[in-house]
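Each chain, letter by letter, is given below.
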Amino acid sequence: MPDYILAIDQGTTSSRAIIFDRTGNIVSTGQKEHEQILPRPGWVEHDPMEIWKNVQEVIGIALSRADLTRHHLSGIGITNQRETTVVWDRTTGEPVYNAIVWQDTRTQPIVDRLAKDHGTDRFKSIVGLPLATYFAGTKIAWILENVDGVRERADSGALLFGTTDTWVLWNLTGGSHGGVHVTDVTNASRTLFMDLDTLEWRDDILEEFGVPRSMMPEIRSSSEIYGHAKDSSLLRETPIAGILGDQQAATFGQAAFDAGESKNTYGTGNFVIFQTGEEKVLSSDGLLTTIGYKLGDEPVTYALEGSIAVTGSLIQWLRDQLGIIRSAPEVETLAASVDDNGGVYLVPAFSGLFAPYWRPDARGAIVGLTRFANKGHIARAALEAVAFQTRDVLDAVGSDTSLDLGELRVDGGMVQNDTLMQFQADLLGVPVVRPVITETTALGAAYAAGLATGFWSDLDELRANWREDERWEPSMDSKEVNRLMRQWRKAVTKSMDWVDDDV
Ligand SMILES: Nc1ncnc2c1ncn2[C@@H]1O[C@H](COP(=O)(O)OP(=O)(O)OP(=O)(O)O)[C@@H](O)[C@H]1O
Ligand SMILES: [Mg+2]
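None of the values given here were measured: they were computed from a predicted structure.

Criteria and cut-off values
Residues numbered from 1 in each chain as written. Chains lettered and ligands numbered in written order. Predicted model: local features only at pLDDT ≥ 70, side-chain atom pairs only at ≥ 80, totals over all residues. Heavy atoms only, no water. Salt bridge = Lys/Arg side-chain N within 4 Å of Asp/Glu carboxyl O. Helix = DSSP H or I, 4+ residues; strand = E, 2+ residues; numbered from the N terminus. Buried < 20%, exposed > 50% of the residue type's maximum accessible area, 1.4 Å probe, protein only. Near = heavy atom within 4 Å. Polar contact = N/O pair within 3.5 Å; in protein donor to acceptor, adjacent residues only side chain to side chain. Areas by Shrake-Rupley, 256 points an atom, 1.4 Å probe, with all protein chains shown as cover. Nonpolar A, V, L, I, M, F, W, Y, C, P; charged D, E, K, R; others polar. Domains from an automatic or database assignment. Phe/Tyr/Trp six-rings, centres within 6.5 Å; stacked < 30°, edge-to-face > 60°. Core = buried A, V, L, I, M, F, W, Y, C linked by side-chain atoms within 4.5 Å. Contact = heavy atoms within 4.5 Å.

> Before we move on, could you go through the pattern of salt bridges and cite the residues and values that matter?
Pairing is possible between side chains that carry opposite charge, provided their charged atoms lie close to one another. Using the criterion set out here, one finds 36 salt bridges in the structure. Arginine 213 is paired through a salt bridge with aspartate 203; the nearest N and O atoms lie 2.9 Å apart. On the criterion of sequence distance, the pair formed by arginine 213 in the loop between α8 (203-209) and β10 (218-220) and aspartate 203 in helix α8 is long-range, its members being 10 residues apart. Using a relative accessible area of 39% as the deciding quantity, one classes arginine 213 as partly exposed. Measuring nitrogen to oxygen at the nearest pair gives 3.2 Å for the salt bridge that ties glutamate 407 to arginine 471. With glutamate 407 in the loop between α12 (375-401) and β19 (408-411) and arginine 471 in strand β21 (residues 468-472), this residue pair connects regions lying 64 residues apart in the sequence. Classification of glutamate 407 as partly exposed rests on a relative accessible area of 28%.

> Before we move on, could you go through the site of ligand 1 and cite the residues and values that matter?
Around ligand 1, the surrounding shell holds 19 residues, and the nearest of these are Thr12, Thr13, Arg16, Thr268 and Gly413. A distance of 2.6 Å separates an oxygen atom of ligand 1 from a polar atom in the backbone of threonine 13. Take glycine 312: an N or O atom from its main chain is 3.0 Å from an oxygen atom of ligand 1. In isolation ligand 1 offers 640 Å² of accessible surface; the protein chains occlude 85% of this area. Every element with two or more residues in the shell around ligand 1 is listed here: β2 (14-20) and α10 (312-322). No other element matches α10, which puts 4 residues into the shell around ligand 1. Class assignment for the residues of the shell around ligand 1 results in 6 nonpolar, 12 polar and 1 charged. Residue assignment places the shell around ligand 1 across two domains, with domain 1 (4-278 + 293-300) and domain 2 (308-435 + 469-495) each supplying three or more.

> Just give me the short version of the packing of aromatic side chains, but keep the residues and values in it.
In this structure the tally under the stated criterion is 22 aromatic pairs. Aromatic pair phenylalanine 252 and phenylalanine 257: ring centres 4.8 Å apart, planes at 70°, arrangement edge-to-face. For phenylalanine 252, a relative accessible area of 1% corresponds to the buried category. On the basis of relative accessibility, which here comes to 2%, the residue phenylalanine 257 falls in the buried class. Each ring, one from phenylalanine 388 and one from tryptophan 488, has its centre 5.0 Å from the other, and the planes form 15°; the classification is stacked.

> Describe the nonpolar core, with residues and values.
Ranked by internal contacts, the top residues of the largest apolar core, which has 108 residues, are Tyr134, Phe193, Phe209, Val211 and Tyr266. It is α12 that contributes the most residues to this core, 13 residues altogether. Both domain 1 (4-278 + 293-300) and domain 2 (308-435 + 469-495) contribute no fewer than three residues apiece to this core. Once you skip the residues sitting within four places of it in the chain, phenylalanine 209 turns out to touch Leu114, Phe123, Leu131, Gly137, Thr138, Ala141, Leu192 and Phe193.

This is the structure we're talking about:
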């Protein structure tokens, strides 16, 4: 019996391959960043060919660093940046356009057109989502309407759509020579096209968007054998046996399986997922209803999600666009150079505001500036913005579910930041807890694959793998918390109503 599982984590900023052992420990990692293509304000693209090349490279790196081959692997799991959309030709394997990334806001006119006379909640009771640029369906429609010749090719059945799980799986299993065209329920639940009850594509909604059904991948569970790696690859004949969108994967990797369990991932954006079990809860407070996971033939589980578009990418912006830090961890040193935020608040509405506000007309704002403010205050305001946004989302979870959060399990790149984690615990008034393995996204995909191949036997075995590393207890006076939240919410109102016909 092989001793390892390999997870492919195709993220927004990088692709990783991580090999895990049976206890959920990391044996080795390969990682490569890909280019963020920013052709115009609000547009964000990736090159699908670069992504596929990087995925192959990182698999090779992870295997060779651990001195392992495919014979040591029980299976492969895939997790991915979610709504990012690729359309390609089924015969040549060539993408017809760059991947349009989830943060991209170019599809607002399509959203407005579909929402006209109906409102943005038009399909919400069926798909769990409001109409928003975030979701894949609007991006497919944009490619069909704007790229030369694509409409005809799609109508003739020549083109395929996939989020990057599907793109990687199709290529890994042979591409134009027998590649498997499949996605899992969690990724399908981010398109605006999947009925949350039947787990099938809705022909009526596809038609409203003008998307031919022949482009759509088959929807399968999150844990089953979809196919085997093609003969020419390093992974030849290894089963690909798990797919989960990155946020659902992180939740799974945190062993938050049951109704009432949750996690918050601090990556490019922040994503709170709150499991609601077999009950589908529709939010009245700006949360999304989404799929938690589905293991083979077992019943599907649902979740509520609070998606925040800009958190870790705000730190990247301080580094790359403002140049006030040289590396992400340096933000902590710079923030520590001042006693407090000096009255400065930064609302990073770069892609409008996601949960719980859903305001496409918002844009980034720095408010409360005086002659006193310096770059230390900006750094501090940036870190605080991450925690303020998370508190807003958890308040919405509280009012949708009337459940008290006992503690918050966290993961992602930013949870190495002690200042942020302490401030987060202070704002929430509950402990913030970090596990030993913070690569929970890849771990969750590995778990899904290992359950399907029999590498792990059940969820209890996975629960036993979870171990606490660090815990931050709240210590701020509640009057101060209330003052900060009041100021923050005022700052949020200043970011709204910015985009109009002139902007
Ligand atoms: N010490 C730190 N303090 C603050 N932010 C940090 C720190 N270290 C990393 N980050 C931020 O964390 C983010 C990286 O987190 P993570 O690795 O979880 O994201 P990711 O998984 O690569 O994202 P994606 O999956 O979207 O590609 C970056 O945006 C970076 O700016
Ligand atoms: Mg990630």
